[in-house]
Amino acid sequence: MTGPGGAAVGALRHTGQLFALCATTLRDTFRRPFQLRELIEQFWFLASVTILPAALVSIPFGAVIALQVGSLAQQLGAQSFTGGASVLAVIQQAGPLIVALLIAGAGGSAICADLGSRKIREELEAMEVMGVSPVQRLVVPRVLAAMAVAVLLNGLVSVVGTLGGYFFNVTLQHGTPGAYLSSFSALAQLPDLYVGELKALVFGFIAGIVAAYRGLGPRGGPKGVGDAVNQAVVITFLLLFVVNVVLTAVYLRVIPQKGA
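Residues numbered from 1 in each chain as written. Predicted model: local features only at pLDDT ≥ 70, side-chain atom pairs only at ≥ 80, totals over all residues. Heavy atoms only, no water.

Asker: Is there a simple way to think about the overall build of the chain in this case?
Answerer: In terms of helices and strands, the chain carries eight helices and zero strands. Helices (α) and strands (β) of the chain occur, in sequence order from the N terminus, as α-α-α-α-α-α-α-α. The burial tally for the chain puts 43% of its 260 residues in the buried class. Contacts in the chain between residues at least 24 apart in sequence constitute 85% of all its contacts with a sequence separation of at least 6. Summing over all exposed atoms, the chain offers an accessible surface of approximately 13200 Å²; the carbon and sulfur share of this is 72%. (Helix = DSSP H or I, 4+ residues; strand = E, 2+ residues; numbered from the N terminus. Buried < 20%, exposed > 50% of the residue type's maximum accessible area, 1.4 Å probe, protein only. Contact = heavy atoms within 4.5 Å. Areas by Shrake-Rupley, 256 points an atom, 1.4 Å probe, with all protein chains shown as cover.)

If you want it as structure tokens, here you go:
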């Protein structure tokens, strides 16, 4: 089937297959034997390719947010709230998104390429013939590793981004350290950190599962693997922004903001 109807049917089919892979991954997570060694190897690989870029990217992000918020606060005569607003923006929004984009771009592309190359070499079919589930053996450790690295990296990005915003606010905008810290304690609350970690966990799951889904179904040989990697990154980016909007809206509706 061709045309808009065929494209819609294809999109629905892929969506259903993606949700089916999610369900299978969640089910196989609790099956034995658990692939602990594969999990540790994937965790180390993802951490090694994302720690330094995450730290380097979070510094300018925190600086830009602090400078922009500080400029708006000066126009409104609310300079004392610069620190709190900047830190909340980093913890709730910038931190999880930076981590997710790095996990998807660096780690997800590697996961997709690895699984895609195994697929075109028919290794996955050989595993199924031997009675080994490719999802349990390969997908589950990679998805869990992406989630764990995302949560830990989110803490690193939050700390580095907050320190970067503090430095640029105090140095370039002549803010006072006391006002920066007091506004943070006046506006921020512990659930803000929780929602940032929850977002990082969900984003890591999305990045891992989308990369695995595209890696398990490449078409056209090696060229198909490259196309699958590009598609995985693009699809992950789109899903991340949609899910971020949903999680933020739910959080702001459920959790009352401090000082409101």
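Asker: Mind showing me how you'd approach empty space enclosed by the protein here?
Answerer: Which parts of space are left empty comes out when a probe the size of a water molecule is rolled across the atoms. Across all of its chains, the model carries one cavity of 30 Å³ or more by this definition. Within this model, the largest cavity holds a volume of roughly 40 Å³. Surrounding the largest cavity, Asp28, Thr29, Arg31, Pro33, Phe34, Gln35, Gln136, Val140 and Pro141 form its lining. In terms of residues, the lining of the largest cavity owes the most to one element, helix α5 (residues 134-172), which gives three residues. (1 Å grid on protein atoms, 1.4 Å probe; cavity = no way out; pocket = protein on both sides within 12 Å on 5 of 7 lines; lining within 4 Å. Points joined across faces, edges and corners; volume = space filled by probe spheres on them.)

Asker: Whenever I open this one, the layout of surface pockets confuses me. Can you help?
Answerer: Approximately 340 Å³ is the volume attributed to the largest pocket. Every residue lining the largest pocket is counted, 15 residues in all, and those nearest its centre are Leu18, Phe19, Val210, Ile235 and Leu239. Those elements giving two or more residues to the lining of the largest pocket turn out to be α1 (3-28), α7 (190-216) and α8 (222-254). The residue inventory of the lining of the largest pocket, partitioned by class, reads twelve nonpolar, two polar and one charged. Lining of the second largest pocket is provided by 13 residues; of these, His14, Arg214, Gly217, Pro218 and Arg219 occupy positions nearest its centre. Contributions of two or more residues to the lining of the second largest pocket are made by α1, α7 and α8. Ranked by residues supplied to the lining of the second largest pocket, first place goes to α8 with four residues. For the lining of the second largest pocket, the class distribution of residues is five nonpolar, five polar and three charged. (Nonpolar A, V, L, I, M, F, W, Y, C, P; charged D, E, K, R; others polar.)

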